Structures are given as C-alpha cells and as structure tokens.
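The primary structure of each chain is shown beneath.
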Protein chains: 2
Amino acid sequence: MRPLIKYLSDGEVVRVHEKALEMLENLGMKFEGAEAREYFAKAGAEVSGQIVKIPRSIIEEGLKTVPKREEFVLYGRTPHKDVHVKDRVPSLAAMTMATHVLDPETGLRRKATDRDLALITRIMEKLDTVTIASALVTPQDVPMAASDWYTWATSIKNTTKHITGGAVGKEGVRDAIKMASLAVGSEEEFLKRPFISFWVLTMPPLRVDENTSNVLMEAAVHKVPSVISSGGILGMTSPMSVESALVHTHAETLACIALSQLVNPGAPVIYSSYVRSMDMKTMCINMSSPESIIMKVGMSQMGEYVGLPTKMPANLRDGKVLDAQAGFETGMGGLAGALSCDFIVSMQLDMDLMVDFADMIYSDECMQILQRMARPLSFDDETLAYDNMEEVGPGNTFLETDHTFEHFKEEIWMPRYMERGTWENWEANGSRDIRKVCAEKVNGMLKELEDHEILPKDVRDAIDAVAAGSTEKAKNIKR
Amino acid sequence: MRPLIKYLSDGEVVRVHEKALEMLENLGMKFEGAEAREYFAKAGAEVSGQIVKIPRSIIEEGLKTVPKREEFVLYGRTPHKDVHVKDRVPSLAAMTMATHVLDPETGLRRKATDRDLALITRIMEKLDTVTIASALVTPQDVPMAASDWYTWATSIKNTTKHITGGAVGKEGVRDAIKMASLAVGSEEEFLKRPFISFWVLTMPPLRVDENTSNVLMEAAVHKVPSVISSGGILGMTSPMSVESALVHTHAETLACIALSQLVNPGAPVIYSSYVRSMDMKTMCINMSSPESIIMKVGMSQMGEYVGLPTKMPANLRDGKVLDAQAGFETGMGGLAGALSCDFIVSMQLDMDLMVDFADMIYSDECMQILQRMARPLSFDDETLAYDNMEEVGPGNTFLETDHTFEHFKEEIWMPRYMERGTWENWEANGSRDIRKVCAEKVNGMLKELEDHEILPKDVRDAIDAVAAGSTEKAKNIKR
C-alpha cells in the first residue's frame, strides 16, 4: 500500500466537510468584491451586504467541474518539467516572499536582491526534487509597489519549472501571463500549458478581500491554476482548536473553489492551507509548531477528499539558522508532508523570512530521503524473497546472493551530503557539519551558474520591459 | 481518532505474519542452546541438529499467554515512574552501549567513564519524556568482561525509572535482579514490580545463540520483561528488501516469544527490532536511513498486531554531531516512531557510538513536540467550536473570546529551548544555535546533580559489591 499519515478517520473527514458546508450556508463568507458577490447571487446564493450565504448545491456543483487530481498535470515551461500528480511522488515547492538571505560569501544576513533571486532560481532549476521553483525571496532593491512584477520577471527568466506567485489585481495576473507567454513565444502556446499559477489567500475567518477575488477570477478566466489557501492563526483568526480551524479553513477554500468554477467551469485549482499557531509569549507566527503540522496533515486529508492536488507548507522552519532545530522541523514536517500531500512548500528559515543558499542543497537531500519514505511497499514474491531466504538458510549471509545484487541499488537510498562514515574519516575530512558541506556545494554551483542565461536576450528584455512598465500601474491598483 | 502512520495495510500485516509462521514451520530457527531446543521439542517441534522447526500451534499458544499491551505496565522503581502502555503516550527510552561522549566541558570526544554514566543517568531521571533510563554509555574504565554488571550497578544507583540492559548468561540476569532487589529492599519486593528488563537479541537470519536463549529463559523464569529484538541488516543478515526483512524479523521475534512462554506462561515481553540498512559505500550500519525507519514502522505494526507493547529505535542518528542532519533524523524518525510505537529508543549520535550531554536536553524537547503530535483529535462540540465561530463572525478576531482563553494552554505547545522569537532578539541573546542552548542548560544541571545520590550509602555499597564480585565470574560464562 501507499504509506500514509492520518489524523482524521474517514468519518471525521466527512464530518469536517459537512460542518464546513453548514458554516457556508448559515454564517456565510464575507466577499468584499462586488463582482464576486454577483457571481454567487446569480447562482442563487443569499447576499446581504458583503456576506454571501452559499448553499451546498453551489459548492457541490463546483466540486464536480474542478479538475481532479487523477488527471491533474502541473505544467513546467518544458514538458519534461511537468508533474503528473497521480504519480504520487511528493516534491518540493519553493515558499515565496522571504526578505533576507544569508550572504553566501560572508555568511551574514542581509536584504535580498534581484540578483539573489536570479541565482536562487538557477540553483533550484538544477535540484531534482524541486518541481515548483517559485521566488524564494522578494527582491528588496526593486520598486516595492511593483515587486510582484519584478519577481515574476526574474523567476520566469531563470527556470523552466513551474512557478507559483502573487499578483496584484486582474492587471497583475494579465501581466504575469504576458511575461510567461513571452518565454514560450505566444499567449496561445502558454495557455495550452500554463506553467505559472497564482496564490489566492483568503483573510480568515470567512473573508475574501476584493483584490484576492479579482486574482482568483482572472486566473480562472484563463484556466491558469490558482493555489487556494486559507491561513488562519489559532486563537487570532481561527478558534483555539485544531479541529475547528480545519472546518472554517476548509470552508473558505470550498467557497473560493466554487467561485472559480462559477467564473469558468474546469478552471484548475490546487488545495493548500497556511493555517498555523503562534507562540503565545512572543506573538510570533510558527510554521513548524506541532499544531501547525497537524493541521497541514488534516488539510491534506480534506484536499484529497475533495479530489484535488494538495500543496502544504509542511517543511518550513521557525529555526533561525540551519541547526538541529531547523533539522528537526525539516524531518518532522517533511515526513508529515511527504506522507500526506503532493507538493511540500519549503526552503526558508527564520519563520519564512530568510533564505540560506546552503539550505536549498540540504532541503533537496532531505527530500530525496522523504521520497524514499513515501514509496509504496509491495508484498509480491520478488520482494518477499522467500526463495532467497531458503537459499541462504538460518545463520548465513545474503551478501553474495543474486537477490541482493539485483535489488540493492533501488532498495537502499544513498546520500550525497549526509554523513555516514566513521568518526575518524569525518575528522580527516575537516569535521564539517551538514550545513558546511552544503554551503561548499552551493558556492561551487553559484560560480558555475553566474552567467547561465536560459532565455535569449531579446526575450529577457521583453519580459523586463513588462516589469519596468508596471511601476506606475501597480501604484494605482486597488488592493 | 489516534493519529497514525502506516506502511502496511491490515491485509499486508496478516500476510507478513502468515509468511513468518510458514518460515518457522518450514525453514525453522537455529537455536544453539540445548535447553532451548529441549523446550521446543517437548512442546512438539521437530528438532534436527540445531534447527528447530516450529509448528504454528506453538507460536499461537505463546501469543495467547504473553501479557497484552492493554494491561501492560512497565514498572519504575517507584509507582509514579510506571508507564501504562494503554495510555498511548509515546516516550523516550535510552539506547545503550555508546563508547564515547562529548566531554561537556571541553566539547571534545573521549571515552565514556563510569562517572559519565552516573551523571547521564541523573540527568535522564529529571527529563519528563524519558521513561526508560537505560545506560546510554558503557563505561570504558571498568573491567570489560564485567561491564554489564558495572553498568547495571551505576544505572540502578542513579535512577528511579525503568532500565533495560544486557546480561551475560543466566548468572548475569540473576545478578542484575540481585542489584535491583537491593534498591527496593528485597527480591520479593522487586518481583512484585520488576523495574528492569533485558535485551534479547537474535542473530539474524533465523538464529539464536546459547547466551541469548539463556538470558531470555532466565528472565522468563522470574517474569522479568524481555525486550526481544531482531536486528537484521539488509543485504547482509536480511534479504535485500524491506518487505522480506519484515517477515524473518517478525519470525525470529515470534520464536523468542514462544520460547519465553514455554518456559513460563505469562512472562512479559516487549516487541522491538533493530532491523536496518547499511551504506553500501562505507559499509557502516545506518539507524536513520529511510529504509531503517520504514522497517521500524512496519515492525511496530507487526508488534501491535500480536498485541504487544512496542519499542523501536526510530530516533537514533547517523549524524556525527547535533547538526541539521541529526536534527532531520530526529524529526523524521521521531515522528515515525511517535505515531507507531510506545517507546522510542534514542539519544545517541555517530551511529550509536557517542553521547552528547546536550543532546539529552534536545531530545527531551523534541519528544515533547512528538507527544503533542501523537495526541488524538476529537471532533466534539467543544473542539469544533461552532458557537465560537458564530460569536466572532466573518472577518473578526478570536483573540479575546472565552474559548481562546480556556483552551490555549492545552492546545498550543510552548517550547523551553526551541527558538521562536525575532531575529533581533535572537541576536541580542547571543545568536545561539539549539545545541548551544541545550549545552548551557545541561551544564547547569550537571553542577546541580554532581552530588545528588538517591540511594543510601549502604545500599549503594551492596550494589557495588555485586558488580565488583563479578569480574572473575564474567570471564568464565560461556557467551
């Protein structure tokens, strides 16, 4: 069977779903955008002020037309970077919007630049376990009102993998599509295989602002995927219980799925959630608290129940640097994610504020382990190897049997950076901890990738022109 | 429901069990000790040379009389250190037999001493998540043939918690019982609540040496628990497949359970397994490889199927020092263990060879998180908090509602050492990584515990006398 982790029984999954439908029908959602409300009203929802009470029929209709995970393909710019969700190989998705990096030369923390984003994206392009190469950092040296545009430009210029990003208003969505289309030659080509998707974040509890619904609706129009996510915080924007947070988080996601399908039935959607807890002493928001990870597994179960691909931030770290705390958070959240969802958002430290270049190498190595952990067992004659046991018999060794020789390469995962030798060898190699090993590796890659352009100059210039032209426009879009 | 992690479906669990029974019946087990073979022969097994072919009836009879996990109590020296397995709170068990420590003053690796073991045991006595305070290190400054005796003496003198340890021959078992009895006043008192247990390690594939069966039989005579463990290595002492390793590992454990019940029906047993893989480049044995962790979950499922308490080394680390590798291994293996077994063997580094004092503090903190991760969800009206959601309504905050105030303390796990503040605060506090924070804590504890004796001097002297008297005896016991 496929290995799995479960916090909810099948009956509890249904109970959360039913409670969410009840909540949408009786309490309703606050949609601040008039156009969104009109879509719901036209479909038969009761609208009063900004509150939309959504009958279950609208949600259920939406769940019928939204593309299901079995057929879902998340496109890369080139087909060999596509992800077929049905293959169930969990992979890494870059988190977005860190503001700082650890400078790879000095090791000191400083603000992230557009150049950092380019280099970070080129490194992710090379890492096998990364399938969504979103902008890990938001450059701090570009016009801030238009930072989404600059971020799209730099990401698109430096990877052939899928990218998920933010947008401001319908204009932001259209401009991102414009830049992505330049990279593949035409909008027509792009729309056949849209290799970008948009974050759609609700404002819990039960609220969607106008900008968000505009992004969701515009993405739906073009059938470009939306990653719909509700990010409640226990005790602040969610009730103080894991169970209840699952209900309204699921409800908000369902309402957004329904809106996307009212706009354009068949618009693709990815199910996500940033629901989490905070530290009651520091009031800092924790992505790697035990409650946060529990809720990621719960939300994965809900996303799977409604048949969607799932993307969860189960592998983010509250730890400041790549130490044993960040390591624990990577292992615990990573395993929870690998055994429950399709895309694991990852690769930031300091509560999603900072990127350590070395951490990308580390995260890729850890994800290889997690992919091994997620591989199904199969109890057939070959794997049960009863003949092999008969051949060897009590008290002897399997080392030189054919079965061992034929299977060890696929059965045993072998590390590139993790340490598994003797203490003496490790000392002779400089007593390096894993962070140092990965930093050396990434610094070597940085040198190789310094001038590694993957798009022709005229295309890059055309993409940059879209970003450069957005600064004034961005200021005037209502957020 | 109780959160869980599963690698085998219910049907696959049955399949492994059936294959193991088939293996015992057809291939048999090699029991090198004549007395063990006699027990099996008397019960109707076919004995030929050292091979015992065990019919399923003997195994099934043994599984009937062995005490079940629902009623299983693992005793401490005092009742408030007892562990009731049915409570399903996973906890830490100290691994045994490391040879080195990181000196807490110098931070340098050196051989472990008897004094180290005393201090390590006193620290474990203070850590809430540790329920089995076995000897993390084997002192290297005592007569080596009798090191088990010295290890028991020092452990028993320094903890009131349960201890699992090794023994040489029946004499070793009896002397450990003698020492433990001194700590509670009499053997009669000890046997009412045996607070020590014995490692029983098979020699895979399908082999038990004479010393091991002697320890198992002698422990059974006194109804002192045995921790039965088979530790195959993929491709060397197990076939090169996770699935087949589960079969013969389970088979070996079943055979030992049956022997214990033939000796004394009702003798308590804990189900364990050290089955693991090795690095094919370095030939080093890995406790934290993905295959090793998968097999620990699989073996936990098998142990639960036959109704026994389970103890798995899911939280050991191949990492040399407490870095982000050891952290990942702690998080991944720890979560796998917490959601599948009762006792998680832990707290060593460098492939079970070294103890870092700071790591005990770190492991305790991680285990608190894992205990939070293992707590069942319950979807009742209080946790679903629909009223609370109605009270707050779309777009508002839960921060000042009664529900939040009443629940935050039990819902949100709060760290003692993990970092969750701002970068600026962290820097102002000295930019310490988690290892440094834990090292400072443990060094403070060491000072406090330096002269912290928990047994009267005459009792300690009597225990020491048993150890001192064993040196000659130990040399003469056939291993």
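Residues numbered from 1 in each chain as written. Chains lettered and ligands numbered in written order. Predicted model: local features only at pLDDT ≥ 70, side-chain atom pairs only at ≥ 80, totals over all residues. Heavy atoms only, no water.

**Some points on the pattern of salt bridges**
All names here are of chain A. The final tally for this structure, using the stated rule, is 72 salt bridges over all chains. Linking Lys64 and Glu61 is a salt bridge whose minimum nitrogen-to-oxygen distance equals 3.6 Å. Of this pair, Lys64 and Glu61 both sit in helix 3 (residues 56–65), separated by three residues, roughly a single helical turn. Since its relative accessible area comes to 61%, Lys64 is described here as exposed. Accessibility expressed as a relative area gives 44% for Glu61, which makes it partly exposed. (Salt bridge = Lys/Arg side-chain N within 4 Å of Asp/Glu carboxyl O. Helix = DSSP H or I, 4+ residues; strand = E, 2+ residues; numbered from the N terminus. Buried < 20%, exposed > 50% of the residue type's maximum accessible area, 1.4 Å probe, protein only.)

**Some words on a negative patch on the surface**
Residues and elements named next belong to chain A. Residues Asp380, Asp381, Glu382, Asp387, Glu390, Glu391, Asp402, Glu406 and Glu410 make up a contiguous surface patch of negative charge. Counting only elements with at least two residues in the negative patch, the list comes to helix 13 (381–384), helix 14 (386–392) and helix 15 (402–411). For Glu390, the location among the structural elements is in helix 14. Accessibility expressed as a relative area gives 46% for Glu390, which makes it partly exposed. (Patch = residues over 30% accessible without salt bridge, like charges linked within 9 Å, V, L, I, M, F, W, Y side chains within 5 Å. Areas by Shrake-Rupley, 256 points an atom, 1.4 Å probe, with all protein chains shown as cover. Lys, Arg positive; Asp, Glu negative; His and termini not counted. Charge placed at Lys NZ, Arg CZ, Asp CG, Glu CD.)

**Looking at the sheet that holds strand 7 (residues 91–94) of chain B**
Residue and element names in this part refer to chain B. On the basis of which strands lie adjacent, the open sheet formed by eight strands has the order 10-7-19-18-15-14-12-11 and parallel pairing. For this open sheet the edge positions go to strand 10 (130–132) and strand 11 (163–165), each flanked by a neighbour on one side alone. Neighbour to neighbour, the strand axes of the sheet diverge by 35° on average, direction disregarded. Where strand 14 (residues 226–230) meets strand 15 (residues 269–273), five bridges bridge the pair, whose relative direction is parallel. Residue pairing in the sheet places Ser230 in a bridge with Ser273 of strand 15. Contacts between helix 8 (residues 210–221) and the sheet are confined to strand 12 (196–201) and strand 14, with strand 12 contributing the most and set at about 150° to the helix. Contacting strand 18 (310–315) and strand 19 (343–346), helix 11 (residues 324–338) crosses the sheet at an angle of about 160° to strand 18. (Pairing = 2+ DSSP bridges. Axes fitted to C-alpha atoms, helices over the stretch in contact; angles between N-to-C directions. Contact = heavy atoms within 4.5 Å.)

**A short note on the interface of chain B and chain A**
Contact with chain B, which involves 117 residues of that partner, is made by 117 residues of chain A. Regarding the contact of chain B and chain A, the summed buried area is about 10,100 Å², with carbon and sulfur atoms giving 71% of it. Arg372 of chain B is the salt-bridge partner of Glu291 of chain A, the closest N and O atoms lying 3.7 Å from each other. If you look at where chain B meets chain A, you find 42 residue pairs in polar contact (both at pLDDT 80 or more). The greatest single-element share of the side of chain B that touches chain A, amounting to nine residues, is contributed by helix 11 of chain B. Classifying every residue of the side of chain B that touches chain A gives 62 nonpolar, 29 polar and 26 charged. With three bridges joining them, strand 1 (residues 4–6) of chain A and strand 1 (residues 4–6) of chain B adopt antiparallel strand pairing. (Buried area = accessible area lost by both parts, 1.4 Å probe. Polar contact = N/O pair within 3.5 Å; in protein donor to acceptor, adjacent residues only side chain to side chain. Nonpolar A, V, L, I, M, F, W, Y, C, P; charged D, E, K, R; others polar.)

**Describing the side chain of Thr159 of chain B**
Residues and elements named next belong to chain B. Summarising the element assignment, Thr159 is placed in the loop between helix 5 (147–158) and strand 11. For Thr159, a relative accessible area of 0% translates into the label buried. Among the polar contacts made by the side chain of Thr159, one reaches the side chain of Glu125 at a distance of 2.5 Å. Beyond its immediate chain neighbours, meaning those up to four positions away, Thr159 contacts Arg77, Thr121, Glu125, Ala133 and Ile454.

**Section: the relation of the copies chain B and chain A**
Mapping chain B onto chain A leaves a residual RMSD of 0.0 Å; the transformation is a rotation of 180° accompanied by 0.0 Å of translation along its axis. Seen this way, the second copy is the image of the first under a two-fold rotation axis. (Least-squares fit on C-alpha atoms with pLDDT ≥ 70 in both.)

**Some details on unusual backbone geometry**
Across residues other than glycine, the phi torsion is negative in most instances, and most of the peptide bonds are trans. A cis geometry characterises the amide bond from Pro204 of chain A onward to Pro205 of chain A, with omega recorded as 0°. Considering the arrangement of structural elements, one finds Pro205 of chain A in the loop between strand 12 (196–201) and strand 13 (207–208). Non-glycine residue Met351 of chain A carries a positive phi angle of around 55°. Within the secondary structure, Met351 of chain A is located in the loop between strand 19 (343–346) and strand 20 (354–356). Here the phi dihedral of Ala385 of chain B falls at roughly 50°; this positive angle occurs in a residue that is not glycine. Residue position: Ala385 of chain B is located in the loop between helix 13 (381–384) and helix 14 (386–392).

**Brief notes about the domain arrangement of chain A**
Each assigned domain of chain A is listed here: domain 1 (65–376 + 458–474) and domain 2 (381–411). Computed from C-alpha coordinates alone, the two centres of domain 1 of chain A and domain 2 of chain A are separated by 43 Å. (Domains from an automatic or database assignment.)

**Some thoughts on helix 18 (residues 457–468) of chain B**
Relative to the 16 Å expected for twelve residues at 1.5 Å per residue, helix 18 of chain B spans 16 Å between its end C-alpha atoms, a close match to the ideal helical length. The inward-facing, buried residues of helix 18 of chain B contact helix 5, helix 6 (169–184) and helix 19 (470–476) of chain B. (Expected span 1.5 Å × (residues − 1).)

**Focus: the packing of aromatic side chains**
All told, the structure shown has twelve aromatic pairs over all chains when counted by the stated rule. Positioned over the ring face of Tyr386 of chain A is Lys19 of chain B, at 4.9 Å from the centre of the ring. (Phe/Tyr/Trp six-rings, centres within 6.5 Å; stacked < 30°, edge-to-face > 60°. Lys NZ or Arg CZ within 6 Å of the ring centre and 35° of its normal.)

**What to know about the side chain of His222 of chain B**
All names here are of chain B. Among the structural elements, His222 can be located in the loop between helix 8 and strand 14. The exposure class assigned to His222 is buried, which follows from its relative accessible area of 19%. At 2.9 Å, the side chain of His222 and the side chain of Glu218 are in polar contact. Contacts of His222, omitting those with residues within four sequence positions, involve Arg174, Ile177, Glu187 and Leu191.

**Examining the state of the cysteines**
Across all of its chains, the model carries zero disulfides over all chains by this definition. Unpaired in terms of disulfides, Cys366 of chain A finds its nearest cysteine sulfur in Cys438 of chain A, a separation of 7.9 Å. (Disulfide = S-S within 2.5 Å.)

**Focus on the sheet that holds strand 4 (residues 51–53) of chain B**
Residue and element names in this part refer to chain B. In space, the four strands of this open sheet follow the order 3-4-2-13, with mixed pairing throughout. Across the chains shown, the open sheet's two edge strands, defined by having one partner strand only, are strand 3 (46–48) and strand 13 (207–208). Pairing between strand 2 (residues 29–31) and strand 13: two bridges, direction parallel. The residue of strand 13 that forms the bridge with Lys30 is Arg207.

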